[in-house]
Protein chains: 2
Amino acid sequence: MTEKSTKAKVTEANEAALELGTRSDSERSASLHRIADAIEDSQEEILDANAEDVREAEEMLASGEYSRALVDRLELSPSKLRSIAEMVRSVADQEDPLGKTFTARRLDEELELYKVAVPIGVIGTVFESRPDALVQIAALSLKSGNAVILKGGSEASSSNRVLFEIIRDAASELPGGWAQLIEAREDVDTMLGMDDSIDLLMPRGSSEFVSYIQDNTSIPVLGHTEGVCHVFVDSEADLSMASEIAYDAKVQYPAVCNAVETLLVHEDVADEFLPDIAGRYRNADVELRGDEATREIIEAKPATTEDWSTEYGDLTLSIKIVEALESAIDHVNTYGSKHTDSIVTAVTERAGTFMRAVDSASVFHNASTRFSDGYRYGLGAEVGISTGKTHARGPVGLEGLTTYKYHLEGSGQTVGVYAGDDANPFLHEEFEGEWNSGRLSEE
Amino acid sequence: MTEKSTKAKVTEANEAALELGTRSDSERSASLHRIADAIEDSQEEILDANAEDVREAEEMLASGEYSRALVDRLELSPSKLRSIAEMVRSVADQEDPLGKTFTARRLDEELELYKVAVPIGVIGTVFESRPDALVQIAALSLKSGNAVILKGGSEASSSNRVLFEIIRDAASELPGGWAQLIEAREDVDTMLGMDDSIDLLMPRGSSEFVSYIQDNTSIPVLGHTEGVCHVFVDSEADLSMASEIAYDAKVQYPAVCNAVETLLVHEDVADEFLPDIAGRYRNADVELRGDEATREIIEAKPATTEDWSTEYGDLTLSIKIVEALESAIDHVNTYGSKHTDSIVTAVTERAGTFMRAVDSASVFHNASTRFSDGYRYGLGAEVGISTGKTHARGPVGLEGLTTYKYHLEGSGQTVGVYAGDDANPFLHEEFEGEWNSGRLSEE
């Protein structure tokens, strides 16, 4: 029963995607502005539904099943709703990610090839219990012309249901099935098998969950399982800068994937650097785990090999002393998760070596790993952060929700005349031009 | 035993990839020129090994297991070897696909974000028995800075082994493990499980084989299972142009994935168009299968629903009469394989509607589907054609073998000052600039 209805929803989304992809930017943006207005106008209804979710979550908190942080993230307020509406407007006002011609190439006279940005099609998403996640993902999908299957956390089910209905009603001039809400865990499994109808999966959640998705579908998956990020304090680092960066990267918000988990320190500066930063960390209640060399300088629990590949997501940090830039690079490439890694150094060349050799989506020089984020990168908003190496890497915004299509405009050409012994040669000249629905005919 | 050695090869490739990615374009291109020279200098050795493969294939041909076409594709000649060497040189001389800065954005003063083209890492490839495939794939991988695992058809094993050794020896200044040859079918299964070490799989072969790969790995897969391509002859078509295109698309080379399988004809022109083209097809020994309306006009076997989604790969063609442009679009989106579809029409607007609505990697106007090919598109060469919708679509050349990385150049920034109530604003200004190994330090 559930399965049948999920399949029907995905099929509907698939049909809607074909039509949505042909809607103009002004139509998609106008719908987004209507959605933003509707969210503000329905404040009471949304807060009522949200209060229900919060009430249930408080009960789970009392019984020890939920954390305070989860309940806090769940709770909406009038000011939060206003900022959600603002976020939708800012997505609406971004440059159109569709229709752009990436390259135009003349293959021969009157035979022109255009590589054009188009939506991907149907995006299947699974996200955590912040109710603003549903709105953000729906807004980015709509702006990029994609149909979207939304599966939020069950803790936010009442809020999600109301927000979903407001979005769908406000965008009633769009092809009906462009957004679909699914609610049960079994529905996710149904999605995993629908590789004919879903073009991309974007799961957010625990690393076990994302791995489960990757292992159980042949649909392409964009996401990250872990954020094991590093800060490397080089021998040539400005140590007070290094202290600010190492502190911010761990303490400013330790629960997120772009927080640092392992601090690597060059042996030449370890004696001078470690006692100061260890004191600051201790004042912020950070638990330190160090290798042997570290523990000769500061107090710390012994770090095991497991620590090097652990995402604590909490006020815990492992520290290792390395003897050279190359050892730091090796450590990051061996134990990191290809997410975000930063070197602090005053020497350009050493930064360049690190940034070229470290195989991560984001590599930083003299900046906190916490900058690795779609909003901070100027992408407007993000649907997630990818640690995979194909399609889209790092924070994924509108551009990561598009793909391209080749449009070839001919005047009757056949391949036969370009083959064999007296084959016509190709021109293969790039030129400035935009594809604009069949320019060569009707002359 | 076999498994262990494949794992060792992949691990070696993984280490080599990290180093290869930091080599300059001139180093990579010089290696390619040395490979091209070595192929020409080793002509005798290669032809001897190839003769062995051909001898064995002739035996299989005699026993009916192989086709004449397979044996022909397998056979090398001095002139084929020269053109293989030329292909390697042309890959060498392509523009460097790496290092390019796609966008440069100032997040704040002295906080600059660069999105830079980098290699993907380790590419696992499985390809058919043409021995030139091994050289082409190895050349494209090297030019794009990727390590590559090569698994060719067993029919070409002697040729492949010799070519592989020549390539490795000629490129001895590169990190040793960048190219790896594997030979057994079980080795492919070993690759499928190595999602920690292989970043992308590019299988070529039967649609069953590609589906098997997709269903049995969590590594991203780029390729196509089927090429069910369409030509739609619109009511507004120039019918003599339509005849040339429909004929070329089927007859010029029917065994390839970009050949047409279903001809859609607008009912307004069916009476005039079909008898002529049917006569030409019959002279070329094309078997026709038509829907009822078609068979009222010309002689053809009845087409079943199965025909609409069948890739014949041979001199067989299905024909359907449609009553409107929209019905043609629906048919293509329902039964096609998102590969290549062409409309023949003299009306710009109708072409635009078709090209926007058809959800395929390549959509053509007044040109044969057979143009869908990396060489004809001007991509230099291709590693394959993708019918997936993420990462790379259509013919995949050097660009499809690259990804990007974010480089952030700071001067000590922490996220704390950009958060909270009196947060610093971001600038988010795009500017013209290339990342060049740490420009901000050492002033």
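A few points on the structure. Here the structure is a predicted model, which means the values were calculated and not measured.

**Quick notes on the pattern of salt bridges**
Residue and element names in this part refer to chain B.
- Evaluated as defined, the whole model comprises 58 salt bridges over all chains.
- Put simply, E183 and R161 hold a salt bridge, and the shortest N to O gap is 3.1 Å. You can see E183 sitting in the loop between strand 5 (179-182) and helix 8 (185-192) and its partner R161 sitting in helix 7 (residues 157-170), a full 22 residues away along the chain.
- The exposure class of E183 is partly exposed, given its relative accessible area of 35%.

**Some words on the interface of chain A and chain B**
- In this assembly, 79 residues from chain A lie in contact with 79 residues from chain B.
- Its largest share of buried area at the contact with chain B, chain A owes to F371, Y406 and V415 of chain A, together 10% of the area lost on that side.
- Where chain A meets chain B, there are four salt bridges.
- At the boundary of chain A with chain B, the tally comes to 45 residue pairs in polar contact (both at pLDDT 80 or more).
- Among the secondary structure elements, those contributing two or more residues to the side of chain A that touches chain B are strand 1 (101-108), strand 2 (111-119), helix 9 (207-215), helix 10 (239-251), helix 15 (348-357), strand 13 (362-367) and strand 16 (402-413) of chain A.
- With 11 residues, strand 16 of chain A is the single largest residue contributor to the side of chain A that touches chain B.

**Regarding the environment of I321 of chain B**
Residues and elements named next belong to chain B.
- Among the structural elements, I321 can be located in strand 11 (residues 316-322).
- Through-space distance from the C-alpha of I321 to that of T387 is 26 Å; in sequence the pair is 66 residues apart.
- Setting aside its immediate chain neighbours within four residues, I321 contacts V265, E267, A270, L274, D291, A293, T294 and I297.

**Considerations on the sheet that holds strand 1 of chain A**
- What the 11 strands build is an open sheet, ordered 17(A)-1(A)-2(A)-16(A)-13(B)-12(B)-7(B)-8(B)-11(B)-9(B)-10(B); its pairing is mixed. Each edge of the sheet is formed by a strand with only one pairing partner; in this case those strands are strand 17 (429-430) of chain A together with strand 10 (301-302) of chain B.
- Judged from the four bridges that link them, strand 12 (residues 340-344) of chain B and strand 13 (residues 362-367) of chain B form a sheet pairing that is parallel. Looking at strand 13 of chain B, one finds that D341 of chain B is bridged to V363 of chain B.
- The strands that helix 10 (residues 239-251) of chain B touches are strand 16 of chain A together with strand 7 (229-233), strand 8 (260-266), strand 11, strand 12 and strand 13 of chain B; relative to strand 8 of chain B, the one it contacts most, it runs at about 160 degrees.

**Notes on the side chain of D307 of chain A**
Residue and element names in this part refer to chain A.
- As for its placement among the helices and strands, D307 is situated in helix 13 (residues 305-308).
- Taking the relative accessible area as the measure of exposure, D307 reaches 4% and is therefore buried.
- If near-sequence neighbours (up to four positions away) are discounted, D307 is found in contact with T262, R289, P302, Y312 and S318.

**Regarding the packing of aromatic side chains**
- Under the definition given, this model contains 20 aromatic pairs over all chains.
- Ring geometry for F371 of chain A and F426 of chain B: centres 6.5 Å apart, planes at 85 degrees, overall edge-to-face. Within this pair, whereas F371 of chain A is found in the loop between strand 13 and strand 14 (384-386), its partner F426 of chain B is found in the loop between strand 16 (402-413) and strand 17 (429-430), the two belonging to separate chains.
- Residue class for F371 of chain A comes out buried when judged on its relative accessible area of 0%.
- Every member of this aromatic cluster is reached through a ring pair, and the members are F364 and Y377 of chain A together with Y404 and Y406 of chain B.
- The lysine or arginine in question, R106 of chain A, covers the ring of F431 of chain A, its NZ or CZ lying 4.4 Å from the ring centre.
- Sitting over the face of the ring of W308 of chain A, K320 of chain A holds its NZ or CZ atom 5.5 Å from the ring centroid.

**Here's the deal with the relation of the copies chain A and chain B**
- Mapping chain A onto chain B calls for a rotation angle of 180 degrees and an axial translation of 0.0 Å; the resulting RMSD is 0.0 Å. In the structure described here, the two chain copies are related by an operation that fits a two-fold rotation axis. Relative to the rotation axis, the closest C-alpha in chain A is found at H391 of chain A, a distance of 1.8 Å.
- Interface residue correspondence from chain A to chain B reaches 100%, placing this contact among same-surface, isologous pairings.

**A word on the packing of helix 2 (residues 25-41) of chain A against helix 6 (residues 131-143) of chain A**
All names here are of chain A.
- Relative orientation of the contacting elements helix 2 and helix 6 amounts to 160 degrees, with a least axis distance of 9 Å. Relative to helix 6, the element helix 2 is oriented roughly antiparallel. Helix 6 is crossed by helix 2, and the crossing has right-handed handedness. Only V135, A139, L142 and K143 of helix 6 make contact with helix 2, whose side of the interface consists of D25, R28, S29, S31, L32, I35 and I39.

**A closer look at the pairing of strand 4 (residues 147-151) of chain B**
Residue and element names in this part refer to chain B.
- Of all the five residues making up strand 4, five are buried; the element is thus mostly covered by neighbouring parts of the structure.
- Going residue by residue along strand 4, you find A147, I149 and K151 tucked away on one face and V148 and L150 tucked away on the opposite face as well.
- Summarising the sheet, strand 3 (residues 122-126) and strand 4 pair through five bridges and their orientation is parallel. Bridge pairing in strand 4 places G124 opposite I149.
- Remark: the strand 3/helix 6 (residues 131-143)/strand 4 crossover connection has right-handed handedness.
- The pairing of strand 4 with strand 5 spans four bridges and is classified as parallel. Note on strand 5: the bridge partner recorded for V148 is A179.
- This β-α-β element, strand 4 to helix 7 to strand 5, shows right-handed connectivity.

**Observations concerning a negative patch on the surface**
Residue and element names in this part refer to chain A.
- On the surface, E44, E45, D48, E52, E56, E59, E165 and D169 cluster together to form a negatively charged patch.
- Breaking the negative patch down by element, the ones donating at least two residues are helix 3 (43-62) and helix 7 (157-170).
- Residue contributions to the negative patch peak at six residues, all from helix 3.
- In this structure, E45 sits in helix 3.

**Quick look at helix 7 of chain A**
All names here are of chain A.
- With 14 residues, helix 7 should cover 20 Å at 1.5 Å per step; its first-to-last C-alpha distance of 20 Å lies within 8% of that length.
- Considered for burial, the residues of helix 7 that qualify are S158, S159, N160, V162, L163, F164, I166, I167 and A170.
- At its buried positions, helix 7 is contacted by helix 2, helix 3, helix 6, strand 4 (147-151) and strand 5 (179-182).

**Quick notes on the pairing of strand 7 (residues 229-233) of chain A**
Residues and elements named next belong to chain A.
- Burial runs high along strand 7: five of the five residues are buried.
- Residues C229, V231 and V233 line one face of strand 7 and the alternating positions H230 and F232 line the opposite face, and both faces are buried.
- As paired strands, strand 7 and strand 8 (residues 260-266) are joined by five bridges and run parallel to one another. Directly across from V231, in strand 8, lies its bridge partner L263.
- For the crossover that starts at strand 7, traverses helix 10 and ends in the parallel strand 8, the hand is right-handed.

**Observations concerning the packing of helix 14 (residues 325-335) of chain B against helix 15 (residues 348-357) of chain B**
Residues and elements named next belong to chain B.
- Where helix 14 meets helix 15, the axes come as close as 10 Å, and the angle between the chain directions of the two elements is 25 degrees. By the angle class used here, helix 14 and helix 15 are roughly parallel. Like other packed secondary-structure pairs, helix 14 and helix 15 cross with a definite hand, here right-handed. On helix 15, the residues that touch L325, I329 and N333 of helix 14 are R350, T353, F354 and A357.
- Looking at the contact of helix 14 with helix 15 residue by residue, the classes come out as four nonpolar, two polar and one charged.

Quick notes on the rules
- Residues numbered from 1 in each chain as written.
- Chains lettered and ligands numbered in written order.
- Predicted model: local features only at pLDDT ≥ 70, side-chain atom pairs only at ≥ 80, totals over all residues.
- Heavy atoms only, no water.
- Salt bridge = Lys/Arg side-chain N within 4 Å of Asp/Glu carboxyl O.
- Helix = DSSP H or I, 4+ residues; strand = E, 2+ residues; numbered from the N terminus.
- Buried < 20%, exposed > 50% of the residue type's maximum accessible area, 1.4 Å probe, protein only.
- Contact = heavy atoms within 4.5 Å.
- Buried area = accessible area lost by both parts, 1.4 Å probe.
- Polar contact = N/O pair within 3.5 Å; in protein donor to acceptor, adjacent residues only side chain to side chain.
- Pairing = 2+ DSSP bridges.
- Axes fitted to C-alpha atoms, helices over the stretch in contact; angles between N-to-C directions.
- Phe/Tyr/Trp six-rings, centres within 6.5 Å; stacked < 30°, edge-to-face > 60°.
- Lys NZ or Arg CZ within 6 Å of the ring centre and 35° of its normal.
- Least-squares fit on C-alpha atoms with pLDDT ≥ 70 in both.
- Parallel < 35°, antiparallel > 145°, perpendicular 65-115°, else oblique.
- Left-handed = near helix turned anticlockwise from the far one by under 90°.
- Right-handed = clockwise from strand over helix to strand, strands pointing away.
- Patch = residues over 30% accessible without salt bridge, like charges linked within 9 Å, V, L, I, M, F, W, Y side chains within 5 Å.
- Areas by Shrake-Rupley, 256 points an atom, 1.4 Å probe, with all protein chains shown as cover.
- Lys, Arg positive; Asp, Glu negative; His and termini not counted.
- Charge placed at Lys NZ, Arg CZ, Asp CG, Glu CD.
- Expected span 1.5 Å × (residues − 1).
- Nonpolar A, V, L, I, M, F, W, Y, C, P; charged D, E, K, R; others polar.

Scope: geometric values only; no functional claims are made or implied.
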